[in-house]
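Examining the three-dimensional arrangement
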Amino acid sequence: MRDAVNNPFQPGSDVVPEVWAGRTEQLSDWRDVLRPRLDAGLIERGRTILGEPGLGKSSLVRRIAEEAELEGAWVTPQIRLALGTDPIKRLAAEVLKLADRAGLSAGQEQRLGQLLGRVKSVAVSGVSLALRESAGQEPHTALTDLLVEIGRAAIIRKRVVLIHLDEVQNITDENALSQVLIALGDAITREVEVEAPGLGPITRSLPIAVYLTGLPEFNDASGARKGATFTRRFATKVLTPLDDDDLRSALNEFVMEGWEVTDDNGGTSVIRMEPAAVEAIIDVCRGEPFLFQLAGERAWYAGTGDVITRAEAVEGWQRAEAEATSHVERILERLPQREREFVMAMAELPPEERTLSRIAAEAGFAKNTDAGPASQRLDRVRGIINRGRPYTFRHRAIEAFLTSDWPHVS
Ligand SMILES: Nc1ncnc2c1ncn2[C@@H]1O[C@H](COP(=O)(O)OP(=O)(O)OP(=O)(O)O)[C@@H](O)[C@H]1O
Ligand SMILES: [Mg+2]
């Protein structure tokens, strides 16, 4: 029996969904590059993962963090930065918890006690501390010093540390942003001396992984605000929608083995999905992770039988159409006017006529060059379009919404 309790699809933010699709590039970046390099004492940049709402930035890093945690890493929770919160305070509080985990809080040396005291006062006063204290005592130095101690403890215990700051676009205060990025960046790049058996002292980097996630607007913070070294310390990736093949593989489990659920009498049964239902879900969600979960959830609810049929997938989606519409509208409404006009004009043209000059004319820009910045940002910063010949949409739900009667299906 399919019901609300055993529905494995989870639209809604900040969860690692049970039905996971794709993102293999980022998962393997963690498994095959970042983690092994940190284990080996090699320096590796932090990762900044940006993208439009609902593309799965938070889920992706939570999944990586869960995996890391299972392997013994010391991970922070998702440090979600609401607009107007002091990020330095939040970070300090989480770094103190890491210190606890690393066994640094239990008394010991005086030097460590003083350092913990400094970070505790940062956790209370936050970035404003910088205004009161003399140079060299700025909050970020205390944070970095403690991170270095945590990193040293991690080396001894053969652990990796993972720090996840989410919604980084909300750090609008210049001073706070540079304090955060310098604190983390200095810890990533710090080299420490350790004893290598048979070799004596060698220098190595700290096993600290930093993930920053948020909306593409984070990229607008100027180099000056982020600190000149930001790009050398963090590698940035803009997420794009999921591939249909990845979605197909994710749902294949329902087709081949079936999805095991517990039923009312405590027994288990298996829920399957018709291949045609799989295709219907893939077709309606257009690679959007959020819409994928929504379509799956509704298909599950559209019936109670052991097989999810195509008719149920379609019927379920029809009830989700309003939500799908507002998802895409929200993304469009967030765009600055020029970018929105550009996208709308692009959609008006037949696909083969989507060149910069035709779109610029259609959007009513006086000159081609006026459309340049908007089109560049839509491509490089947001990942919504591709400036090829002709221009194409990468955000397939926006394209479908503007050029067809999607999300409506009959
Ligand atoms: N790889 C994935 N496979 C399947 N579903 C996913 C995947 N990644 C995310 N989702 C689902 O997509 C939805 C949105 O994910 P998430 O909250 O991580 O997006 P986000 O990019 O952080 O959005 P926001 O910008 O609003 O914070 C969630 O319902 C999540 O379960
Ligand atoms: Mg998020």
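As the structure is a computational prediction, the values presented were derived from the model and not from experiment. (Residues numbered from 1 in each chain as written. Chains lettered and ligands numbered in written order. Predicted model: local features only at pLDDT ≥ 70, side-chain atom pairs only at ≥ 80, totals over all residues. Heavy atoms only, no water.)

Both the distance between ring centres and the angle between the ring planes are used here to describe each pair of aromatic rings. Counted under the stated rule, the structure contains 6 aromatic pairs. Residues Phe9 and Phe254 carry aromatic rings whose centres are separated by 5.6 Å and whose planes lie at 15° to one another, so their mutual orientation is stacked. Of the two residues, Phe9 is situated in the segment before helix H1 (24-39) and Phe254 in helix H10 (residues 244-256); the sequence distance between them amounts to 245 residues. Comparing Phe9 with Phe254 shows no difference in burial state: the two are buried. Their ring planes at 85° and their centres at 6.2 Å tell us that Phe9 and Phe292 sit as a pair that is edge-to-face. Here Phe9, found in the segment before H1, pairs with Phe292, found in helix H12 (residues 289-301); they are 283 residues apart in sequence, far enough to count as distant. Looking at Phe292, the relative accessible area reads 1%, which means it is buried. (Phe/Tyr/Trp six-rings, centres within 6.5 Å; stacked < 30°, edge-to-face > 60°. Helix = DSSP H or I, 4+ residues; strand = E, 2+ residues; numbered from the N terminus. Buried < 20%, exposed > 50% of the residue type's maximum accessible area, 1.4 Å probe, protein only.)

What follows concerns the site of ligand 1. Taken together, 24 residues sit near ligand 1, with Gly12, Ala21, Lys57, Ser59 and Gln293 positioned nearest. The separation between a nitrogen atom of ligand 1 and a polar main-chain atom of Ala21 is 2.8 Å. A distance of 3.3 Å separates an oxygen atom of ligand 1 from a polar atom in the backbone of Phe290. The set of elements that each furnish at least two residues to the shell around ligand 1 consists of helix H2 (57-70) and H12. At 4 residues, the largest contribution of residues to the shell around ligand 1 is made by H12. Residues belonging to the shell around ligand 1 are distributed by class as follows: 12 nonpolar, 8 polar and 4 charged. Residue contributions to the shell around ligand 1 reach at least three from each of two domains, namely domain 1 (24-238) and domain 2 (244-327). (Near = heavy atom within 4 Å. Polar contact = N/O pair within 3.5 Å; in protein donor to acceptor, adjacent residues only side chain to side chain. Nonpolar A, V, L, I, M, F, W, Y, C, P; charged D, E, K, R; others polar. Domains from an automatic or database assignment.)

This part takes up the nonpolar core. Core analysis: the largest hydrophobic core is formed by 57 residues, its most contacted members being Leu251, Met273, Leu291, Phe292, Trp317 and Phe342. When residues in this core are grouped by element, the largest group, 8 residues, is from helix H13 (residues 310-334). Three or more residues apiece are contributed to this core by two domains, here domain 2 (244-327) and domain 3 (335-403). Membership of the second largest hydrophobic core comes to 49 residues, among which are Ile79, Leu116, Ile208 and Leu212. (Core = buried A, V, L, I, M, F, W, Y, C linked by side-chain atoms within 4.5 Å.)

Once that is clear, we can look at the side chain of Arg382. Among the structural elements, Arg382 can be located in the loop between helix H16 (368-381) and strand S11 (385-386). Looking at Arg382, its side chain comes within polar contact range of the side chain of Glu52, at 3.2 Å. Ignoring any residue separated from it by four or fewer positions in sequence, one finds Arg382 in contact with Glu52, Pro216, Glu217, Val238, Arg334, Leu335, Pro336, Glu339 and Arg377. (Contact = heavy atoms within 4.5 Å.)

Attention now moves to H13. End to end, H13 covers 34 Å across 25 residues, agreeing with the expected 36 Å (1.5 Å per residue, within 8%). At Ala320, H13 shows its maximal bend, which comes to roughly 50°. (Expected span 1.5 Å × (residues − 1). Bend = angle between axes of the 7 residues up to and from the residue.)

If you check the domain split of the protein chain, you get domain 1 (24-238), domain 2 (244-327) and domain 3 (335-403). Placing a centre on the C-alpha atoms of domain 2 and another on those of domain 3 gives a separation of 33 Å. If you look at the interface, domain 2 gives 6 residues, while domain 3 gives 5 residues. Where domain 2 abuts domain 3, roughly 460 Å² becomes buried across the two surfaces, and 57% of that area is made up of carbon and sulfur atoms. Where domain 2 meets domain 3, there are 1 salt bridge. Linking domain 2 with domain 3 are 2 residue pairs in polar contact (both at pLDDT 80 or more), by the criterion used here. A breakdown of the residues in the side of domain 2 that touches domain 3 according to their chemical character gives 1 nonpolar, 2 polar and 3 charged. (Buried area = accessible area lost by both parts, 1.4 Å probe. Salt bridge = Lys/Arg side-chain N within 4 Å of Asp/Glu carboxyl O.)

Along the polypeptide, Arg340 turns up in helix H14 (residues 337-348). Residue classification places Arg340 among the partly exposed residues on the basis of a relative accessible area of 27%. In contact with Arg340, other than residues within four places in its own chain, are Leu332, Glu333 and Leu335. A polar contact of 3.0 Å, which involves the side chain of Arg340, links it to the backbone oxygen of Leu335.

This part covers the pairing of strand S9 (residues 268-273). Every second residue of S9 is oriented toward a common face, the buried set being Ser269, Ile271 and Met273 and the non-buried set Thr268, Val270 and Arg272. Where strand S8 (residues 259-262) hands over to S9, the hairpin turn is made up of 5 residues, of which Gly266 adopts a positive phi near 80°. Of the strand pairs in this sheet, S9 and strand S10 (residues 307-308) are connected by 2 bridges, and their pairing is parallel. Counterpart to Arg272 in the pairing with S10 is Val307. (Pairing = 2+ DSSP bridges.)

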